Amino acid sequence: MITMQEYINNIRNPKTTTPLKKEVEVNNIVQNETLKEDKFEKSENKKIDKNKIIKIGAVLTSILIAITAFLKRKQIMNFISNFSKKKEQIPPKPASIEPSDVSPANIQPNKIQHKIQESIFPTPKFTSNPNAAQRDEYVDELIKYINSTPDTKLQLKALKEIEKYGIGDIDDISTMMLSEDESVIRETLKIYQKCGTDKDVFDIIGPIRRETIEIKEDETFIEVLKTIQKLAQLQNDDPKDKEIILKPIRRLLNHKSESVRKIAQETLDKLKNQ
């Protein structure tokens, strides 16, 4: 600091002003340097603060991305889990049922099918003593029904109706001789006994003609042989055609069942005497 006396002396003696100027200049330089340092420090502090903000922002962004990914992953896993559970809970689609009166929840599928088929079983449009046209119309409906249902009991029911009223063209039921159910074969043979001719014998012999006989029940063998006895007329046939009928019957002479062997011999004797 410059004292008052020095200031007065300087006024009196101008040469003394130089130190004052120098001191003022020095003070200005110091102040300028101090200002520069303050600005530099502030600038550096701003840079540090900006870097800190960038780093903190990057960390927060990473944390946010991680949290979002975790939540998304959990959401996807929950969706897959819920979808799987719903898929397991969905029951198989039931077969469509046409009639509206068949809808009990606890009826098993085969019982439902049986009830449906029974409900549409053909009924005659006549009361009794049908003429040929009425009979043929009803029998045609029965034959279509037999071919449409796999239910053996219903097939037998239809065949019994045909046996009752007769049939115009017995070839329409010839495929029933190939049934895997022997009760169907036996019922078909009864229709042949009633409505067949000697030309139908070659259809009738089918179940016992094969080298490996597929029928197993004695009743079926007996019904086949009874039908042959009733219809066969071999006296005018060619020997080769006769052999088609006689050979399978001769094989049955060695059958394990005595009743089958007995009727086989009986049938052979009857055919030889024609």
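The coordinates are above.
Small disclaimer: the values here were computed from a predicted structure and weren't measured.

Cut-offs used in this document
Residues numbered from 1 in each chain as written. Predicted model: local features only at pLDDT ≥ 70, side-chain atom pairs only at ≥ 80, totals over all residues. Heavy atoms only, no water. Core = buried A, V, L, I, M, F, W, Y, C linked by side-chain atoms within 4.5 Å. Buried < 20%, exposed > 50% of the residue type's maximum accessible area, 1.4 Å probe, protein only. Helix = DSSP H or I, 4+ residues; strand = E, 2+ residues; numbered from the N terminus. Contact = heavy atoms within 4.5 Å. Salt bridge = Lys/Arg side-chain N within 4 Å of Asp/Glu carboxyl O. Expected span 1.5 Å × (residues − 1). Polar contact = N/O pair within 3.5 Å; in protein donor to acceptor, adjacent residues only side chain to side chain.

**Q** How do you make sense of the nonpolar core when you look at a structure like this?
**A** Soluble globular proteins: nonpolar side chains tend toward being buried together. If you look at the biggest cluster of nonpolar residues, it comprises 45 residues, and the most contacted ones within it are I162, I228 and I249. Counting residues per element, the ones that place at least two in this core are α4 (132-148), α5 (152-165), α6 (182-195), α7 (201-204), α9 (218-231), α10 (239-251) and α11 (258-272). Apart from residues no more than four positions distant in its own chain, I249 is found in contact with I205, L225, I228, A264, T267, L268 and L271.

**Q** Got a minute to help me understand the pattern of salt bridges in this structure?
**A** As enumerated under the stated definition, the model contains six salt bridges in all. We note a salt bridge from K160 to E187, for which the minimum N-O separation is 3.3 Å. Linking K160 in helix α5 with E187 in helix α6, this pair joins segments that are 27 residues apart in sequence. Using a relative accessible area of 46% as the deciding quantity, one classes K160 as partly exposed. As a salt-bridge pair, R250 and E243 come within 2.1 Å of each other at their nearest N and O atoms. Through salt bridges with shared partners, one network takes in K125, E137 and E141.

**Q** Even after reading the chapter, I still don't get α5, so can you show me in this structure?
**A** One full turn of an α-helix is made of 3.6 residues, so residues set three or four places apart face in the same direction. In a regular helix each residue adds 1.5 Å, so 14 residues correspond to 20 Å; α5 covers 20 Å between its end C-alpha atoms and thus fits that length. Where α5 begins, the side chain of D151 points an oxygen toward the backbone nitrogen of K153, at a separation of 3.0 Å. Looking one or two places after α5, you find G166, whose phi comes out positive at around 90°.

Keep in mind these numbers describe shape, not what the thing actually does.
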